[in-house]
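# Per-entry structural report
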Amino acid sequence: MTERATRSRIPLKPVYGPGDVAELRYDEALGDPGAFPFTRGRRPPEQGASAWIQRELSGEGTPSRSNAQLKYLIGTGATGIDVIGDTPTMAYLDADHPAAAHAVGTQGVSLCCLDDYRQLYADLPLDGLTVSQSLPPLFGMAGFYLAARERGIEPARLRGSIVQPPFYCEDCGYATHMPFPLRLRMTADSIEFASREMPRFHAFLEDTYYISDGGLDAVEEMALGFVEIRHVVRELRRRGVPVDAFAPRVAILVNCGMDFFEEIAKIRATRRLYARMMRDEFGARDPRSLAVNIASHTSGLSLTAQQPVNNIVRGATQALALALAGVQGIEISGFDEAFRTPSPEAHLVGLRTQQVIALETNAARVADPLGGSYYVEALTDELERRIREMVARIEGLGDPGALCDRGWFRGLFQDAMERHARDVREGTRPQVGVNVHRMAAHEDTLLRDVAEQKIEPSREQVGRIREHKRSQDSRGVRGALAGVRRAAGNPGENLMPAIIAATAAGATIGEMAWVLRAAYGVPGDPFGMMESPL
Amino acid sequence: MRPVRVLIGMLGLDQHEVGAVAVARLLRDAGMEVIYLGRFNLPPGIVKTAGDENADVIGLSCHSWEYLHYIDELLALLRQQGLSIPVVVGGSVLTAGDESLLRDKGVAATFGPTSSAEDIPAAIRSLVTSARRP
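The notes below deal with the structure included here. The numbering scheme is per chain: residues are counted from 1 as the chain's sequence reads. The lettering of chains begins at A and the numbering of ligands begins at 1, in the order of writing. For this predicted model, a pLDDT threshold of at least 70 governs which residues receive local features, and a threshold of 80 or more governs which side-chain atom pairs are given and counted, while totals over whole chains, interfaces and linings are taken from all residues. As a rule here, side-chain values cover all heavy atoms of the structure and leave hydrogens and water aside.

## Some details on the sheet that holds strand E3 (residues 57–61) of chain B
Residues and elements named next belong to chain B. What counts is decided by this rule: Pairs of strands are assigned from DSSP output, requiring at least two bridges between the strands. In DSSP terms, a helix is any run of H or I states spanning at least four residues, a strand is any run of E spanning at least two, and both are numbered starting from the N terminus. Axis definition: a line fit to C-alpha positions, over the contact stretch in the case of helices; interaxial angles, taken between N-to-C directions, run 0 to 180 degrees.
Spatially, the five strands line up as an open sheet ordered E2-E1-E3-E4-E5, and their pairing is parallel. Only two strands of the sheet have a single partner each, and these edge strands are strand E2 (33–41) and strand E5 (109–111). Neighbour to neighbour, the strand axes of the sheet diverge by 20° on average, direction disregarded. Direction of pairing for strand E4 (residues 87–90) relative to E5: parallel, over a ladder of three bridges. Bridge pairing in E5 places Gly 90 opposite Phe 111.

Below, the structure written as structure tokens:
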């Protein structure tokens, strides 16, 4: 780096001192951990900052194969799980969709129908485990709800979270091929449903990880995240849902890149911004509504295919930053993420890294250990200011929902993608093994064998779903799908009960999504290959 | 001589577009015409567009393993339609094993994680020069 600046291009001085925090007023800007504005942590210090949930993003092949993977992770000490759907599931397509053929189960688990959820969660202690779901909100929640209820576990006791991506999923995450008004409704309906029926579940998980991993910097990541959160909060309030009914169960899944102190400051600034926003703008009164739950997944974009062993060091560095920032959950990207869905070896290394940090370093034994650091406090202030300004700038352009609907954000993502590629190419962003300290390919052999092992597309799951569709009670399914269509046609009705009923009747995600898309005037199948299920 | 025309697309449900966007920009900066198809393509659509647009090269960007399964179909379709358009495949997920497998199948060039910004336009130019030479 020729210029001294953070990844978000915040200029840095060689050293910070008392003058940089002279205007910092403790009660207003910091407060003790567990007290407004929660800069120093969501929980009071006696609850232990090192008690974060340790988990690894998982899911591959059939639901039963993923179930075995989850049991393995719990057996090695994971204290929570995070399940991600494969790309067809995330695109709301069934495993038997022709365009899904070669993607089933290779980058996540295939979840099409209730039986898949039964197998995924079989024998897992759903009432004693937090189940994070990187899954389509309505459908993942319906499957979880039904699979638990069948086993006699009250949905009100379920804990975990589900990502809500109405704004940015089409451009930088998993495209759902659904129009914006439908995406927003699915988000609001599922959050509203959970506020009544699953009060311990974080149905409002803002996922800024995938917003960021296209190359956005820390300021852009959180600004876009807050724009989305604020839009959803306004939508819920417009419907008459009291803010204190859902705000205690808002969580943010942030990214964590390599700029160590900036990432820590980002998390501290986010807690402060959130607390002030909820209290001053949205009128939340319940103290739990002001203290946002923050978890993190470490950055896949920071990992390199060159010298993959370096990725283990990157994961450990990022996880240490997260431990110091006081987050509620950590997942470390697999060291093989640059080539493949995490191998069992990468999952184990990720968990063991967390365990080493938690148990051996004492790094998080004291809450907010960096609080009061001239540098960290100055950076926290600066990040807060820049995030707030960027949110105001975007909201000043007009209704953010309308901006999203007409693809305005896509330009930001494209710019970020290009900027990241250029910075790596030109070396303004040093990456060991890529643009500095390179190694000849024939010498770069450490952990290479892991990269060559591929997960085959799950033909077994394709066959299972075909068989499921042949053998199901087609009249019952069609009746339930007609119920989904009716609910979709009535904007005042919550979609969740109809989706739960259709899932219980045996409808698949592809069938339900078909009906929803068609009700909103877009093709039921984005590829034009599947017939109407009705 | 008209500029080199490159079609850039991704196959199946592969979602990670960072590389495709970066390479499209890189080729444009190198003076080529880029037809950017983006995500969610299947081999018949790629082949048809490449023919209709008179593309000199088909560039597939990949970040999932779907390309390994689609490549045979794509190359067979090109042959069936008598189109001799070289296909190149790039992506940071390509391992050494993948690169040799793809070349065995008939892919003209591959760009794995160690390819540089200079390699890609140079390789494409040389492919087009040899294809245009009578």
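## Observations regarding the interface of chain B and chain A
We apply this condition: Residues count as neighbours in contact if any of their non-hydrogen atoms are within 4.5 Å of one another. Here's the idea: put two parts together, see how much 1.4 Å probe accessible area each one loses, and the total over both is what we call buried area. Each reported salt bridge corresponds to a side-chain nitrogen of Lys or Arg within 4 Å of a carboxyl oxygen of Asp or Glu. Under the rule applied, a polar contact is a pair of N or O atoms within 3.5 Å (in protein, one hydrogen donor and one hydrogen acceptor; residues adjacent in sequence only if both atoms are side-chain atoms). Lys, Arg, Asp and Glu make up the charged group, whereas Ala, Val, Leu, Ile, Met, Phe, Trp, Tyr, Cys and Pro make up the nonpolar group; the residues left over, Gly among them, are polar.
Facing 29 residues of chain B, the contacting portion of chain A comprises 40 residues. By the criterion of area lost to chain A, the three top residues of chain B are Leu 13, Trp 65 and His 69 of chain B, representing 26% of everything that side buries. On inspection of chain B and its partner chain A, the count reaches three salt bridges. The partner of Arg 410 of chain A in a salt bridge is Glu 17 of chain B, and the shortest N-O contact between them spans 3.0 Å. Joining chain B to chain A, the criterion identifies twelve residue pairs in polar contact (both at pLDDT 80 or more). Mapped by element, the contributors of at least two residues to the side of chain B that touches chain A are helix H1 (18–29), E2, helix H3 (66–80) and helix H4 (96–105) of chain B. Residue composition of the side of chain B that touches chain A, grouped by class: 15 nonpolar, nine polar and five charged.

## Some words on the side chain of Glu 66 of chain B
In plain terms, the rule: Accessibility here uses a 1.4 Å probe with only protein chains present; expressed as a share of the type maximum, an area under 20% marks a residue as buried, one over 50% as exposed, and anything in between as partly exposed. None of His or the chain ends enter the tally, which takes Lys and Arg as positive and Asp and Glu as negative.
In this structure, Glu 66 of chain B sits in helix H3. Despite being buried, Glu 66 of chain B has no salt bridge partner; Arg 459 of chain A is the closest side chain of opposite charge, sitting 9.5 Å away. Within the local environment of Glu 66 of chain B, its side chain forms a polar contact with the side chain of Ser 64 of chain B, the two groups lying 3.1 Å apart.

## Observations concerning unusual backbone geometry
Residue and element names in this part refer to chain A. At the junction of Phe 36 and Pro 37, the peptide bond is cis and its omega measures out at 0° in the coordinates. Inspection of the secondary structure assignment puts Pro 37 in the loop between helix H1 (26–30) and strand E1 (53–55). A positive phi is found at Arg 9, a non-glycine position, where the angle reads about 65°. On the secondary structure map, Arg 9 appears in the segment before H1.

## Looking at helix H5 (residues 137–150) of chain A
Residue and element names in this part refer to chain A. Stated precisely, the cut-off is as follows: Given the number of residues in a helix, its expected span is that number minus one, multiplied by 1.5 Å.
When the terminal C-alpha atoms of H5 are compared, their 20 Å separation across 14 residues agrees well with the 20 Å that a helix rising 1.5 Å per residue should span. Of all 14 residues in H5, twelve are buried; the element is thus mostly enclosed. Here H5 has its buried residues at Pro 137, Leu 138, Phe 139, Gly 140, Met 141, Ala 142, Gly 143, Phe 144, Tyr 145, Leu 146, Ala 147 and Ala 148. One or two positions beyond H5, positive phi appears at Gly 152, with a value near 80°.

## So, the pairing of strand E8 (residues 293–298) of chain A
Residues and elements named next belong to chain A. The criterion, for reference: Crossover handedness is defined by viewing with both strands directed away from the observer: a clockwise path from the first strand over the helix to the second marks the crossover as right-handed.
Among the six residues of E8, six are classified as buried, and the element is accordingly described as predominantly covered. Side-chain alternation along E8 places Asn 293, Ala 295 and His 297 on one buried face and Ile 294, Ser 296 and Thr 298 on a second face that is also buried. Strand direction decides the pairing type here: strand E7 (residues 250–256) and E8, joined by six bridges, are parallel. Considered in E8, the bridge of Val 254 is made with Ser 296. One ladder, built from three bridges, connects E8 with strand E9 (residues 329–331); its direction is parallel. Looking at E9, one finds that His 297 is bridged to Glu 331. This β-α-β element, E8 to helix H13 (residues 310–325) to E9, shows right-handed connectivity.

## Thoughts on the packing of H13 of chain A against helix H14 (residues 344–360) of chain A
All names here are of chain A. Selection criterion: Throughout, the term roughly parallel applies to angles under 35 degrees, roughly antiparallel to angles over 145, roughly perpendicular to angles from 65 to 115, and oblique to all others. By definition, any crossing whose near helix is turned counterclockwise from its far helix by less than a right angle is left-handed, and any crossing with a clockwise turn is right-handed.
Axis separation between H13 and H14 bottoms out at 10 Å; the angle between their running directions is 45°. In terms of axis orientation, H13 runs oblique to H14. The handedness of the crossing between H13 and H14 is right-handed. Between H13 and H14, the contacting residues are Ile 312, Ala 316, Ala 319, Leu 320 and Ala 323 on the first element and Val 349, Thr 353 and Ile 357 on the second. Its residues placed into classes, the contact of H13 with H14 shows seven nonpolar, one polar and no charged.

## So, the nonpolar core
Stated formally: Only buried residues count toward a nonpolar core. Its members are Ala, Val, Leu, Ile, Met, Phe, Trp, Tyr and Cys residues joined through side-chain atoms within 4.5 Å.
Within the largest apolar cluster, 180 residues are counted, with the highest numbers of intra-cluster contacts made by Tyr 121, Phe 139, Tyr 168, Met 278, Phe 409 and Leu 516 of chain A together with Val 89 of chain B. At eleven residues, helix H9 (residues 218–238) of chain A tops the list of elements feeding residues into this core. Excluding residues within four positions of it along the chain, Phe 139 of chain A makes contact with Tyr 92, Tyr 117, Met 186, Ile 499, Ile 509, Met 512, Ala 513 and Leu 516 of chain A.

## Things to note about the environment of Tyr 520 of chain A
Residue and element names in this part refer to chain A. As for its position among the elements, Tyr 520 is in the segment after helix H22 (509–519). Through-space distance from the C-alpha of Tyr 520 to that of Val 21 is 53 Å; in sequence the pair is 499 residues apart. Excluding residues that lie within four positions of it along the chain, Tyr 520 makes contacts with Pro 179, Pro 181, Leu 182, Arg 185 and Ala 488. A polar contact of 2.9 Å, which involves the side chain of Tyr 520, links it to the side chain of Arg 185.

## With respect to the sheet that holds strand E5 (residues 159–163) of chain A
All names here are of chain A. Sheet architecture is open: nine strands sit in the order E1-E9-E8-E7-E6-E5-E4-E3-E2, paired in parallel fashion. Among the strands making up the open sheet, the edge pair consists of E1 and strand E2 (57–58). Summarising the sheet, strand E4 (residues 130–134) and E5 pair through four bridges and their orientation is parallel. Looking across to E5, one finds that Ser 132 is bridged to Ser 161. Sheet contacts for helix H11 (residues 260–281): E7 and E8; angle to E7, the most-contacted strand, approximately 160°.

## Brief notes about the packing of helix H7 (residues 180–197) of chain A against helix H21 (residues 495–505) of chain A
Two measures define how a pair of helices packs: the angle their axes make with one another and the distance between the axes. Residue and element names in this part refer to chain A. The N-to-C vectors of H7 and H21 enclose an angle of 85°; their axes lie 8 Å apart at closest approach. For the element pair H7 / H21, the angle class is roughly perpendicular. Taking contact as the criterion, the partners of Leu 182, Arg 185, Met 186, Asp 189, Ser 190 and Phe 193 in H7 are, on H21, Leu 495, Met 496 and Ile 500.

## Regarding the side chain of Thr 353 of chain A
Residues and elements named next belong to chain A. Here Thr 353 shows up in helix H14. Given a relative accessible area of 14%, Thr 353 falls into the buried group. Aside from chain neighbours lying at most four places away, what touches Thr 353 is Ala 316 and Ile 332.

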